[in-house]
Amino acid sequence: MISRKKKELLRMGLQSLLGYPMRTVLTMLGVVFGVGSVIAMLALGAGAEKELLQEIGRLGIQNIIINSVEPEQPENNSSSSSSRRGWINYYGLKFKDHRQIVETIPGIERVLPVHLSKKKAWNGSRWIESTLFAVEPDYFEVFGLEIASGRALSPQDEEDLARVCVVRSGLLQELGIYEDPVGYVLTIEDQKFTIVGVLSEDRFQGYAQKALVADARSSEIYVPYQTVLKRQGTRSFSGSAGSWEATDVELNQIVVEVEDLDQVILTSRTIENLLSRNHPEKDYEMIVPLEVLAQRRKTQQVFNIALVAIASISLLVGGIGIANIMLATVTERTREIGVRRALGAQKRHIIAQFLTETTTISILGGVLGIFLGFALVQILVIFTGWTAVITPISILVALTISVAVGITSGIYPARRAAALDPISALRHQ
Amino acid sequence: MPQPIISLEGIHKYYGEVEPRLHVLKGIHLDVTQGEFVSIMGTSGSGKSTLLNLLGCLDVPTEGSYLLGGKDVSQQSDDELSRIRNEDIGFIFQSFQLIPQLTVLENVQVPLLYGESSIREKEEHCRSILDSVGLSHRLSHRPSQLSGGECQRVAIARSLVNDPLILLADEPTGNLDSKTGQEVLELMDSLHGEGRTIIMITHDQEVALRAQRQVRIHDGLVIEETS
Ligand SMILES: Nc1ncnc2c1ncn2[C@@H]1O[C@H](COP(=O)(O)OP(=O)(O)OP(=O)(O)O)[C@@H](O)[C@H]1O
Ligand SMILES: [Mg+2]
């Protein structure tokens, strides 16, 4: 009974809105744009976070990645720098580091050594400057690198010192290999390597690319670790006629996979201690994806809050718009208020009527704003290529804010309407 | 002698908070019995509308007692006065006071919104009242599409919807030409014939004479009654 009464009051409130359709729509616009931009901003924020998560997640959040870095050369480097042995540039991670990590650091699942060398890869007369990645078979699994066709490197390859390789599809294009690449033979420097697998490309992006020391030209060639170490060694030469330079980096990368996610940070500190003792020159860098993720996430969240705060200003303006128009409406409909009071409406009925109107306007505006938000997000995604995710939470937030805007913007005009003296309201022109 | 439906005792009304306050009603005594048709006359500014607003519980007297249907309504809360207006009083205004964006039927239903009974169950009731004022063919029109006389008949239908104890009319024919005014007065006559209690303010001697009892107000006092 009481709820039917409420329904009737509600219906009566809505009729007033239908009585002034143009004004209702115009009043709504502020909320439509406000909610639309809040939705879009939340979606962009969520999208950026998702991208971040994917990008860094690719590196495996249980991994610790240590890369060799060439130390800054002092100006006068010809004489007695300890990093130089004669004309050999000797720096970076050592086999000893790898061994010590394996032997002394607890709670570790795997430790993978990686050695890189710059090599020319030939297909007939076409060639490309490529990076040879000497990796153990687990490397692919640890970084979640997927094989698009063929197979990954195997322990058997290691044992056989097999001349096999896994490549990225971009390299095939550069070398003009268009038929089925599996089984195809590449000449790397003076040795022949058979392609056994091709990687899928989706992992080589942004931050992951940097951490994986991959380059944008996709010229990585993955070969068995032992094959490189035993057949070629770690020293590489470069230069041109007359002036030669040699580089000797034993390991370009060590990847540590920690057993327990909770121990990642602690383990990274322990490894840092160990390495800093071995390398006073700090010719390495450590990347802890988990740590990077946490930092970037924090930054992203601050940014998201700022975005939403800016978008909320338009919502606020929308709310002020409603309040403003409602105040005008109260003046314009003073006589109606007087009539309703004379016919028995209590103050609370008048308040309810105006709140119904403002809340309806703002909820309708909110719903339209959600559609607008979807459209904005689509447009942004098409034109910028950003990732955007519209979460159910953001829709809920938008609707809640709309209701709140409706009520707060309605409360003052409604109270003013209810406070009118019926007799003078009836006399109002 | 039946119990009067309205009983005013020593009613004073002052306007304004600060001295000199305007003393408009200066001790009104008035009893109205069930089924009476009373007209109130008086010069402009004599306090007729003030009196009617008090009778309609739109305002409360500064002094004195007002019994409506045996109940003292002179010092009630705003909510209680609203409830009394809704249930016991039917207003008919000079300027009709219909709500412009509502249809004829919806205008008549407005008092139901604020009362106990639901619009749905009173739908037939509203239609039959509109039928009795001759407007059953205009239910979904808006006030702007009606003539003045039709508007006033909608207002009369609206005043009847909650079956009030008294009908109060402040110059109901003031905005009408004499012919449509006559029609409205005939309608009031027939309501009186059905046993309704009506109190009507008018400037027009002839109109006043349609009522069984004329009250004249002068300078805030009842000075003359003819029956
Ligand atoms: N709310 C108010 N505040 C102050 N003075 C008022 C108020 N309402 C009415 N008055 C004054 O009280 C006096 C009586 O007014 P009222 O409206 O009752 O007269 P009336 O008899 O209905 O006149 P008319 O025939 O012109 O309608 C007038 O002098 C008017 O100016
Ligand atoms: Mg008057």
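Cut-offs used in this document
- Residues numbered from 1 in each chain as written.
- Chains lettered and ligands numbered in written order.
- Predicted model: local features only at pLDDT ≥ 70, side-chain atom pairs only at ≥ 80, totals over all residues.
- Heavy atoms only, no water.
- Near = heavy atom within 4 Å.
- Polar contact = N/O pair within 3.5 Å; in protein donor to acceptor, adjacent residues only side chain to side chain.
- Areas by Shrake-Rupley, 256 points an atom, 1.4 Å probe, with all protein chains shown as cover.
- Helix = DSSP H or I, 4+ residues; strand = E, 2+ residues; numbered from the N terminus.
- pLDDT = per-residue confidence, 0-100.
- Contact = heavy atoms within 4.5 Å.
- Domains from an automatic or database assignment.
- Pairing = 2+ DSSP bridges.
- Axes fitted to C-alpha atoms, helices over the stretch in contact; angles between N-to-C directions.

Caption draft 1: Quick peek at the site of ligand 1. Residues and elements named next belong to chain B. Lining the immediate environment of ligand 1, one finds 13 residues, of which Ser44, Gly45, Lys48, Ser49 and Thr50 sit closest. Between ligand 1 and Gly47, the relevant distance is 3.0 Å, taken from an oxygen atom to a main-chain nitrogen or oxygen of the residue. One of the side-chain N or O atoms of Lys48 is found 2.7 Å from an oxygen atom in ligand 1. Coverage of ligand 1 by the protein amounts to 63% of the 630 Å² it exposes when considered alone. Those elements that provide at least two residues to the shell around ligand 1 are strand E2 (22-32) and helix H1 (48-55). Top element by residues in the shell around ligand 1 is H1. It accounts for three residues.

Caption draft 2: Layout of the confidence of the model for chain A. Residue and element names in this part refer to chain A. Scored by pLDDT, chain A comes out at a mean of 86, with 91% of its residues at no less than 70. Ranking the elements of chain A by mean pLDDT puts strand E2 (residues 84-85) last, at 44, and helix H11 (residues 334-342) first, at 96. Counting interchain partners and residues more than four positions distant, the pLDDT-below-50 stretch residues 77-86 has nine contacts.

Caption draft 3: Spotlight on the domain arrangement of chain A. Each assigned domain of chain A is listed here: domain 1 (4-55 + 296-427) and domain 2 (70-282). The gap between the C-alpha centroids of domain 1 of chain A and domain 2 of chain A is 57 Å.

Caption draft 4: Fine view of the environment of Leu327(A). Residues and elements named next belong to chain A. Tracing the backbone shows Leu327 in helix H10 (residues 289-332). The sequence separation of Leu327 and Tyr412 amounts to 85 residues, and the corresponding C-alpha distance is 8.2 Å. Residues within four places of Leu327 in sequence aside, it is in contact with Tyr412, Pro413 and Arg416.

Caption draft 5: Up close: the sheet that holds E2(B). All names here are of chain B. Ordered in space as E2-E1-E4-E5, the four strands form an open sheet in which the pairing is antiparallel. Bordering the open sheet on either side are E2 and strand E5 (71-72), each of which pairs with just one other strand. Bridge count between strand E1 (residues 6-15) and E2: eight bridges; the pairing is antiparallel. Looking at the pairing, Leu8 lines up with Leu30 of E2. Sitting on the sheet, H1 touches E1, E2 and strand E4 (63-68), and the angle it makes with E1 is about 125 degrees.

Caption draft 6: Layout of the side chain of Gln152(B). The residue Gln152(B) is located in helix H5 (residues 148-160) in this model. Aside from chain neighbours lying at most four places away, what touches Gln152(B) is Ile92(B), Phe93(B), Gln94(B), Phe96(B), Pro172(B), Leu176(B) and Val184(B).

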